[in-house]
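# Fold and contact review
Listed here are the chains, written in short residue letters.
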Amino acid sequence: MTKEVQITFDCADPGALALFWAEALGYELQPPPPGFESWDAALTAFGVPRDQWNSRSAIVPAEGSHPRVFFQRVPEGKTAKNRVHLDVRAAPGLEGDERMNALEIEADRLATLGATRAYRVEPDGATGETGFITMHDPEGNEFCLD
């Protein structure tokens, strides 16, 4: 039986990182539970102390069936390269200069949201490499524009 998958980020600021990734992926913040007009109202009703309100956040696909992405606050910062990372498919089906131009446009858009560029790998027909751009989200997590 196929299982559902949730992607979880350990982070310092779940609310801010959720907003970044919602914009990056075309997702939206997960709405509050039924019966509540806002998360503030829900958290107040649940008795969650105000200093814990930004201990977690989640984003969900605006349309379609894609994984939920969850963000949880942890006390330690990121110290090493990610062993798993996201590939944001910004140029599926494109090749060569057209592909790399589309990736550059997306890299520029994400940079305005707080991402930083790490490096660019050029297409190489000899190796089958199609080209990609590696970036860091606002908390330093690596991801690729593919």
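Here the residue numbering is sequential within each chain, running from 1 through the sequence in written order. Confidence filtering applies because this is a predicted model: local features only for residues at pLDDT of at least 70, side-chain atom pairs given and counted only at 80 or more, and all residues used for totals across whole chains, interfaces and linings. No hydrogens and no water enter the side-chain calculation; it runs on all heavy atoms of the structure.

In this section: the overall build of the protein chain. Runs of H or I in DSSP of at least four residues are treated as helices and runs of E of at least two as strands, each being numbered from the N terminus. Helix and strand counts for the protein chain stand at three helices and eight strands. Seen in sequence order, the protein chain has helices and strands lined up from the N terminus as β-α-β-α-β-β-β-α-β-β-β. When the backbone C-alpha atoms are referred to their principal axes, the protein chain occupies close to 60 × 35 × 35 Å. Buried residues are those whose accessible area, probed at 1.4 Å on protein chains only, stays under 20% of the maximum for their type, while exposed residues exceed 50% and partly exposed ones sit between those limits. Burial status across the protein chain gives 32% buried among its 146 residues. When the accessible surface of the protein chain is split by element, carbon and sulfur atoms take 53% of a total near 9200 Å². When charges are counted, neither His nor the chain ends are considered; positive counts come from Lys and Arg and negative counts from Asp and Glu. Charge positions come from single atoms, namely NZ of Lys, CZ of Arg, CG of Asp or CD of Glu. In the protein chain, the 13 positive side-chain charges and the 24 negative ones have mean positions that sit 6 Å from each other. Shrake-Rupley sampling with a 1.4 Å probe provides the accessible areas, and residues are treated as covered by the protein chains on show and by no other component.

On to the sheet that holds strand S5 (residues 86-88). The strands making up a sheet associate through backbone hydrogen bonding, with each pair oriented either parallel or antiparallel. Should DSSP find at least two bridges between two strands, the strands are regarded as paired. Spatially, S5-S8-S7-S6 is the arrangement adopted by the four strands of the open sheet, whose pairing is mixed. Where the open sheet ends on each side, the last strands, each with one partner, are S5 and strand S6 (116-121). Between one strand axis and the next, the sheet turns by 25° as a mean value, whatever way the strands run. Relative to strand S8 (residues 142-145), strand S7 (residues 132-136) runs antiparallel, the two sharing four bridges. Its bridge partner lying in S8, histidine 136 is registered against glutamate 142. In this description, contact between two residues means that some pair of their heavy atoms is separated by no more than 4.5 Å. Helix axes use the C-alpha atoms of the stretch in contact, all axes being lines fitted to C-alpha atoms, and the angles between their N-to-C directions lie in the range 0 to 180 degrees. On top of the sheet, helix H3 (residues 96-112) reaches S6, S7 and S8; it is set at about 10° to S7, its chief contact.

This paragraph deals with the packing of aromatic side chains. Ring geometry is summarised as follows: Phe, Tyr and Trp rings, the Trp one being its six-membered ring, pair when their centres sit within 6.5 Å, and such pairs are stacked at plane angles under 30 degrees, edge-to-face over 60 and tilted between the two. Throughout the structure, instances matching the rule amount to seven aromatic pairs. A centroid spacing of 5.2 Å and a plane angle of 20° characterise the contact between phenylalanine 9 and phenylalanine 71, whose relative ring orientation is stacked. In this pair, phenylalanine 9 sits in strand S1 (residues 6-11) while phenylalanine 71 sits in strand S4 (residues 68-73), placing the two residues 62 residues apart along the sequence. This pair shows no difference in class: phenylalanine 9 is buried, exactly as phenylalanine 71 is.

Here we come to the pairing of S4. In terms of strand pairing, S1 meets S4 through six bridges, oriented parallel. Along S4, the bridge assignment pairs phenylalanine 9 with phenylalanine 71. By the bridge criterion, four bridges tie strand S3 (residues 56-61) to S4 in an arrangement that is antiparallel. By the bridge assignment for S4, arginine 56 is matched with glutamine 72. Here S3 hands over to S4 after six residues, with glycine 64 in that stretch at a positive phi of 80°.

Time to look at the confidence of the model for the protein chain. Per-residue confidence from the prediction method is given by pLDDT, with values spanning 0 to 100. For the protein chain, per-residue confidence averages 95 on the pLDDT scale, and 100% of positions sit at 70 or higher. Averaged pLDDT values over the elements of the protein chain bottom out at 95 in S5 and peak at 98 in H3.

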